[in-house]
Structures are given as structure tokens and as C-alpha cells.
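# Examining the three-dimensional arrangement
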Amino acid sequence: MNIPANLKYTKDHEWIAIDGDIATIGITDFAQSELGDIVYVEVETLDQTLDKDEVFGTVEAVKTVSDLFLPMSGEIIEFNDDLERNPETVNSDPYGKGWMVKVKVSHLSQWDELLSHEAYGDLIGA
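Residues numbered from 1 in each chain as written. Predicted model: local features only at pLDDT ≥ 70, side-chain atom pairs only at ≥ 80, totals over all residues. Heavy atoms only, no water.

### Here we look at the overall build of the chain
Of regular secondary structure, the chain possesses 4 helices and 9 strands. Mapped from its N terminus to its C terminus, the chain presents α and β elements in the order β-β-β-α-β-β-β-β-β-α-α-β-α. Relative to the 2.2 N^0.38 estimate, which gives 14 Å for 126 residues, the radius of gyration of the chain is 13 Å and therefore close to what a compact globule would have. For the C-alpha atoms alone, the extent of the chain along its principal axes is close to 35 × 35 × 20 Å. Classification of the 126 residues of the chain by burial places 47% in the buried group. As displayed, the chain has an accessible area near 6400 Å², and 45% of this comes from carbon and sulfur atoms. Seen as two clouds, the 8 positive and the 26 negative side-chain charges of the chain have centres 4 Å apart. (Helix = DSSP H or I, 4+ residues; strand = E, 2+ residues; numbered from the N terminus. Rg over C-alpha atoms; globule rule 2.2 N^0.38 Å. Buried < 20%, exposed > 50% of the residue type's maximum accessible area, 1.4 Å probe, protein only. Areas by Shrake-Rupley, 256 points an atom, 1.4 Å probe, with all protein chains shown as cover. Lys, Arg positive; Asp, Glu negative; His and termini not counted. Charge placed at Lys NZ, Arg CZ, Asp CG, Glu CD.)

### Some remarks on the pairing of strand S7 (residues 65-69)
The pairing of strand S6 (residues 55-61) with S7 spans 5 bridges and is classified as antiparallel. When the sheet's bridge partners are listed, Glu 60 is paired in S7 with Val 65. Counting the residues between successive antiparallel strands, the hairpin from S6 to S7 contains 3 residues. (Pairing = 2+ DSSP bridges.)

Written out as C-alpha cells, the structure reads:
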């Protein structure tokens, strides 16, 4: 199971990378493997400001639909448009080309509340 050390994680299986006050968010390798073949990613919250843990979208796989939860409060400033044409990229490259949204973070202090790669590994039994 791939759990990059430079990212933070949530108990809901989102990952987050931060550069200044801009966060890039996606779902983890564990999440995509549990979901199976991803057929659709929907984010209708572009340009909206959401609180931490609010639903920012959904990911649809062949067997289920799962909500996507925002790891840190902020404004959704970008959606990965490539996922509209190629949602399976989330399966093949969850930490790279399969990212989902970029967020202008409101409260950088929330970074410290997220799981380290070790803690996330413990959560999923990796």
C-alpha cells in the first residue's frame, strides 16, 4: 500500500498536500483500491467556501458512491478537469494525476490535526 510520507491524511481516506495556503486533495491508494474501478468524480462545490469535514463531492465506482470530505476549511478554487474524461486516473495515479481539488485554505493550523503517514498506515493496518 502506497502511503507517501510527505502528505497528510484523514480517517475518511483523503490525502492532502499543501504549498503555502493552497492545498491539493485526493483520495488515498487504499480508498481507490477499496472502491474498485472509479467511473465518475463529481465536485459541485467549485468556488464555494466549506468547513473542514464538509462534503465537497462524490466519487462513483462500479459498486458504490462515496462522499468526499474536505480535510481543511477553505475555498474550492480548482477541480481536476481531466477526471471528467478519465476518472480511472484516480485508480492508476491517486497521489499524482488523480488529484481532485485545490483549496485556498482558511485555517493553516488545521494541518496539525491531520494524520501523519504512520498514523494513517496504522488506521488501515498497513
